[in-house]
Amino acid sequence: MMVTLTPGSTTLNQLRDIWSAGHAARLDDTCRPGILTAARAVATAAAGEAAVYGVNTGFGKLASVKIAAEDTETLQRNLVLSHCCGVGDALDIPTTRLMMVLKLLSLGRGASGVAMTTIDIIETMLAKGVTPVIPTQGSVGASGDLAPLAHMAASMIGEGEAMFDGTCMATSKAMEKAGISPIILGPKEGIALINGTQFSTACALVGLWGAFDNAAASVVTAALSTDAIMGSTAPLRDAIHTLRGHRGQIEVARAQRAIMEGSEIRESHRDDDTRVQDPYCIRCQPQVTGAAMDLLHFAARTLEVEANAVTDNPLVLVDDGVIVSGGNFHAEPVGFAADQIAVALSEIGAIAQRRVALMVDPNLSFDLPPFLTPDPGLNSGLMIAEVTTAALMSENKHLANPCTTDSTPTSANQEDHVSMSAHAARRLGKMNANLNVILGVEAICGAQGIGFRAPMKTSDALQDVIGELRRDVPELTDDRYLAPSIEAAAAMVADGRLTNAVTLAPFVKGDAS
């Protein structure tokens, strides 16, 4: 499927569809006049005598070196090849394709000065499935994601490696098989391609979408845990949360209350319950996860702006008739957003892990058997599953430390403050995977605990959740090899099967529109 995008007004929902479904993308034809006008301005500058950064000069610390007109093509090619210094594992194909789409959106704003052939080749590579191999390490997030984007640009000129038909090969071979001719870069085109925040933004967006999925799943797993320990729903009353006013908190409380509606377990202890109140991990779930959701929605707004932004340098300001050097390549907004997402992921996991610990502890679980096994002593039950969640919770706490505060000067002190947005965004994948496991184990524990409350039943919605879980994770009786069950439950969190078993409001699932 081909998706037509309008630079400046593309939504995160459109981008997520492209990323998840592998769609190709093209720019709306209304972009062409602006792109062509900016390209003519660059051609005029390249033919002139005045030094224009990025057009007929060296780069960075070498900006004072004037380049002859006949060498401008070589200048751009050399720039791309010299910046292909990425190391580490290759970026996955869906995120790489998303990065290419984001570069299209940036170039399509008509301030970068590239030729239409440059736009065309990105669109064609997306359509025919030629995906550059992008090493994931080497960017400090200013002057943009230089190394990763250089590897993308190298593929466009037939250099480096690419994936095609599921095989990694020389880009020249992939292009030949796909029937695509590499381009020759004109004035400014190399720097337009390698300057920008598209690698960091793509990784941050994928991290954001995973975080939204985990946040929604945590509402479901928290409801399971609350019923398992026979917790109160009184703290979910709407009046409590509207008095405070934070939207995330209000929405989480409403969602959890709706999911638990009709539970026989809940109704059984409304009166004569000796407990006055539940621990914070039960009682303050809306306040904590709701705050995390608000943070995620804030980050989403930042990343939607960045996805549509022009972030290369210099910029062609057509209305002003100038080509001017600025600093839009500095990815501080992306780094901040990634740090915010990381904090949200860490806190969702921290409170979920405490609910797991609560359920396996016979002193706190309101008469559930130790470690949720029907025969404790002979069996250890979910004892070490809880320890695993503690390990992953702690790992996420470490990963949540901010990256943007760790600037270091580079490039002979020309780039003396950088954002570190690239690894700020990349670590979100690991954090989401860790949280998938924490919530998967919580689902296992919650379902197991609810089973011990029989013959009383939980709500219809939570019965549906447990039914979905039981497709891949059998009830725990005698001890068994548990790793496959934990992996299966984590996968059900990650792919949305647990969340999709219930009805949740769009805001809770990550859509604030």
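Residues numbered from 1 in each chain as written. Predicted model: local features only at pLDDT ≥ 70, side-chain atom pairs only at ≥ 80, totals over all residues. Heavy atoms only, no water.

## Here's the deal with the environment of Pro-374
- Tracing the backbone shows Pro-374 in the loop between α15 (332–360) and α16 (383–399).
- The sequence separation of Pro-374 and Asp-312 amounts to 62 residues, and the corresponding C-alpha distance is 62 Å.
- Filtering out sequence-adjacent residues up to four positions away, Pro-374 remains in contact with Phe-452, Leu-476 and Thr-477. (Helix = DSSP H or I, 4+ residues; strand = E, 2+ residues; numbered from the N terminus. Contact = heavy atoms within 4.5 Å.)

## Describing the layout of surface pockets
- When its volume is computed, the largest pocket comes out at roughly 810 Å³.
- The wall of the largest pocket is formed by 37 residues, among which His-83, Ser-143, Leu-146, Ser-411 and Glu-415 lie closest to the centre.
- Those elements that place two or more of their residues in the lining of the largest pocket are α3 (72–82), α6 (146–156) and α8 (189–194).
- The biggest single contributor to the lining of the largest pocket is α3, with four residues.
- Looking at side-chain class alone, the lining of the largest pocket contains 16 nonpolar, 18 polar and three charged residues. (1 Å grid on protein atoms, 1.4 Å probe; cavity = no way out; pocket = protein on both sides within 12 Å on 5 of 7 lines; lining within 4 Å. Points joined across faces, edges and corners; volume = space filled by probe spheres on them. Nonpolar A, V, L, I, M, F, W, Y, C, P; charged D, E, K, R; others polar.)

## So, the packing of aromatic side chains
- All told, the structure shown has one aromatic pair when counted by the stated rule.
- Residues Trp-19 and Trp-209 carry aromatic rings whose centres are separated by 5.2 Å and whose planes lie at 40° to one another, so their mutual orientation is tilted. Highlighted residues: Trp-19 in helix α1 (residues 12–21) and Trp-209 in helix α9 (residues 198–228), separated in sequence by 190 residues.
- For Trp-19, a relative accessible area of 22% puts it in the partly exposed group. (Phe/Tyr/Trp six-rings, centres within 6.5 Å; stacked < 30°, edge-to-face > 60°. Buried < 20%, exposed > 50% of the residue type's maximum accessible area, 1.4 Å probe, protein only.)

## Topic: the environment of Leu-27
- Mapping Leu-27 onto the fold places it in strand β2 (residues 24–27).
- Exposure remark for Leu-27: the relative accessible area of 5% places this residue in the buried category.
- Along the primary structure Leu-27 and Val-3 are separated by 24 residues, whereas in three dimensions their C-alpha atoms are 8.5 Å apart.
- Setting aside residues up to four positions removed in sequence, Leu-27 forms contacts with Thr-4, Leu-5, Pro-7, Ile-35, Leu-104, Leu-105, Gly-108, Ile-119 and Glu-123.

## A few points about the nonpolar core
- If you look at the biggest cluster of nonpolar residues, it comprises 149 residues, and the most contacted ones within it are Leu-15, Ile-122, Val-130, Leu-205, Leu-208, Ile-341 and Leu-382.
- The element that contributes the greatest number of residues to this core is α9, accounting for 17 residues.
- In this structure Ile-341 touches Ala-204, Gly-207, Leu-208, Ala-211, Leu-296, Ala-299, Leu-303 and Leu-428, once residues within four positions along its chain are discounted.
- Judged by nonpolar contacts, the second largest core, of seven residues, contains Ala-46, Val-52, Val-55 and Val-316. (Core = buried A, V, L, I, M, F, W, Y, C linked by side-chain atoms within 4.5 Å.)

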